[in-house]
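# Examination of the molecular architecture
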Amino acid sequence: MTNKIELLEKIEDRKAVCAVIGLGYVGLPLAVGLANAGFNVRGVDVDPEKARMVCNGESYIPDVSDDELQKAVKNGRLTAGSDYSVLSECDTVSICVPTPLRKTRDPDISFIVEALQEIKKYIHPGMLIVLESTSYPGTTEEIVVSALTGSKLRVGSDIFVAFSPERVDPGNPVYHTGNIPKVVGGVTPACTDVASALYGNVVEKVHAVSSTRVAEMIKLLENTFRSVNIGLVNEIALMCNQMGINVWEVIEGAATKPFGFMPFFPGPGLGGHCIPIDPFYLSWKARSVGFEARFIELAGQVNSYMPLHVVGKAMDALNAAGKSVSGSRVLILGVAYKKNIDDTRESPALDIIMKLNLKGADIVYADPYVDDLAVEGIDSHIERVELNKETLTSADLVVIIADHDAFDYQLVLKHAPLILDTRNAMRGAGGDRVWSI
Ligand SMILES: NC(=O)c1ccc[n+]([C@@H]2O[C@H](COP(=O)([O-])OP(=O)(O)OC[C@H]3O[C@@H](n4cnc5c(N)ncnc54)[C@H](O)[C@@H]3O)[C@@H](O)[C@H]2O)c1
């Protein structure tokens, strides 16, 4: 057990050198958190531009301020690069690379596999490797352990392997990496102990579980819970639309019940790198053991229909104003997948823009967080405009997709000739000029 004791001592004395692989929305806040906790951190990202920006103290993640990053870089605690050879001097490795879905909705774990191929070259006794990327139950044991044990090092005594899902909610003003409890599950109890000790220095609370599979399943339950509940409320919204009932008022009323009800809100569709993707990691794995995850598939069907519903509503609104989509100027407000962030991955705005473009609409967008927007299937980038009187009055229809707080909704209400509000940003104001989903 000397490797375990030595590593625990290094962690306690802040002598452990920590590597973070993948410096994105998850990895960069973690790297800064480890540096703030007193560790020397080596960030590794295949994107040399990100590594360069980190070294210059320029943050590209809104949840990490330039000041915070500069502090970590200037005091020498955080360095970054694209070369994995720094791992030879590292004691811990946290893997935070993407885990997208393939077009066929199968998990794409190729980024994890590529990272492991590099880590394997520099693995040495006394090293802790933690997978933070979301993946299906079994990934840590089946993919990480099997890739690393080819190196003949024994897990639990020579090296330590754990899964610890990241639960960060970008743009959340209350909860961040440091105050969200961290679930940790090791391949062996020794692995759990070492990983818990590391994260115990970075976050307020560590919740240790009995295995990597439990930890992997916890993350997928959390995100499936959101996807299914959003799917339910989207279905209620579609139902209310048919019945002429205001769904927002219904939810507001139901939320007055102090127990047994938790409000979820309908919208133009799911987005981001988690909720639209993670449940399908679970259903894919469930299928492999002969289990059909019906809730997940149903929620996926309802949620993925929402962009089409929004396009239908846009057509209805324009039609009622005596216009057709073809040739109409449509101003999209907010193209990020949710309010107050810059992330457009899987954003429903992309799907809605693509569908409106196919129908001949002339589309522009306003978003203070997104300065460039490319949409699959459209050759040129979508023109970005400022939100002002001129851009509002020159639009035939304004569609609110991400209800950023920075938007002046009174200005929108005053000057837009027609509004389709998918987020209840107008709170029922505007009468016949404002359409809801
Ligand atoms: N974004 C979120 O809100 C969030 C929240 C919780 C969990 N997660 C999970 O965390 C993981 C990372 O997500 P993210 O949003 O940070 O992704 P991201 O795309 O923002 O960052 C991933 C980074 O990894 C780098 N990368 C890719 N392959 C690499 C490799 N082989 N070696 C080194 N670097 C590599 C990329 O260049 C990128 O900078 C995913 O599994 C995601 O599901 C994300």
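Scroll up to find the structure.
For the structure given in this document, a descriptive report is provided here.

Rules and cut-offs
Residues numbered from 1 in each chain as written. Predicted model: local features only at pLDDT ≥ 70, side-chain atom pairs only at ≥ 80, totals over all residues. Heavy atoms only, no water. Disulfide = S-S within 2.5 Å. Buried < 20%, exposed > 50% of the residue type's maximum accessible area, 1.4 Å probe, protein only. Pairing = 2+ DSSP bridges. Helix = DSSP H or I, 4+ residues; strand = E, 2+ residues; numbered from the N terminus. Patch = residues over 30% accessible without salt bridge, like charges linked within 9 Å, V, L, I, M, F, W, Y side chains within 5 Å. Areas by Shrake-Rupley, 256 points an atom, 1.4 Å probe, with all protein chains shown as cover. Salt bridge = Lys/Arg side-chain N within 4 Å of Asp/Glu carboxyl O. Axes fitted to C-alpha atoms, helices over the stretch in contact; angles between N-to-C directions. Parallel < 35°, antiparallel > 145°, perpendicular 65-115°, else oblique. Left-handed = near helix turned anticlockwise from the far one by under 90°. Contact = heavy atoms within 4.5 Å. Nonpolar A, V, L, I, M, F, W, Y, C, P; charged D, E, K, R; others polar. Arc of directions from axis to C-beta. 1 Å grid on protein atoms, 1.4 Å probe; cavity = no way out; pocket = protein on both sides within 12 Å on 5 of 7 lines; lining within 4 Å. Points joined across faces, edges and corners; volume = space filled by probe spheres on them. Domains from an automatic or database assignment. Near = heavy atom within 4 Å. Polar contact = N/O pair within 3.5 Å; in protein donor to acceptor, adjacent residues only side chain to side chain.

Taken as a whole and judged by the stated rule, the model has 0 disulfides. Unpaired in this structure, Cys90 has its nearest cysteine sulfur neighbour in Cys18, at a distance of 7.7 Å. In this structure Cys274 is a free cysteine whose sulfur lies 12 Å from that of Cys96, the closest cysteine sulfur available. Taking the relative accessible area as the measure of exposure, Cys274 reaches 29% and is therefore partly exposed.

Taken together, 6 strands build an open sheet; the order of strands is S11-S10-S9-S12-S13-S14 and the sheet is parallel. One side of each edge strand has no neighbouring strand; the edge strands of this open sheet are strand S11 (383-384) and strand S14 (434-436).

Together, Met239, Met243, Ile245 and Val250 make up a nonpolar patch on the protein surface, roughly 350 Å² of accessible area in all. Its place among the elements puts Ile245 in the loop between helix H8 (212-243) and helix H9 (247-254).

Describing two packed helices takes the angle between their axes plus the distance from one axis to the other. The interhelical angle for the contact between H8 and helix H11 (residues 294-320), taken along N-to-C directions, is 45°, at an axis separation of 8 Å. With respect to their mutual orientation, H8 and H11 come out oblique. Between H8 and H11 lies a crossing whose hand is left-handed. From H8, Thr224, Ser227, Val228, Ile230, Gly231, Asn234, Glu235, Leu238 and Asn241 reach across to H11, where they touch Phe295, Ile296, Ala299, Val302, Asn303, Tyr305, Met306, His309 and Lys313. Residues of the contact of H8 with H11, tallied by class, amount to 9 nonpolar, 7 polar and 2 charged.

Because the α-helix completes a turn every 3.6 residues, residues three or four places apart line up on one side. Among all positions in helix H12 (residues 348-358), only Pro348, Ala349, Ile352, Ile353 and Leu356 are buried. Projected onto a plane normal to the axis of H12, the buried residues spread over an arc of 130° and lie on a single side. Those residues of H12 that are buried lie in contact with H11, strand S9 (329-333) and strand S10 (362-366). Gly360, located one to two residues past H12, shows a positive phi value of around 95°.

Attention now goes to the layout of surface pockets. Using a probe with the size of a water molecule, rolled over the atoms, empty space left in the structure can be pinpointed. The space that makes up the second largest pocket amounts to roughly 870 Å³. Every residue lining the second largest pocket is counted, 22 residues in all, and those nearest its centre are Lys103, Pro276, Glu346, Ser347 and Asp351. Of the residues in the lining of the second largest pocket, the class split is 11 nonpolar, 5 polar and 6 charged. Shared between two domains, the lining of the second largest pocket takes at least three residues from each, and those domains are domain 1 (2-210) and domain 2 (248-436).

We now examine the site of the ligand. Near the ligand there are 27 residues, and of these Val26, Asp45, Lys50, Tyr84 and Thr99 occur at the shortest range. Take Asp45: an N or O atom from its side chain is 2.6 Å from an oxygen atom of the ligand. Residue Tyr84 places a side-chain N or O atom 2.6 Å away from a nitrogen atom belonging to the ligand. Protein chains bury 94% of the 830 Å² of accessible surface belonging to the ligand in isolation. For the shell around the ligand, the residue count by class is 15 nonpolar, 6 polar and 6 charged.

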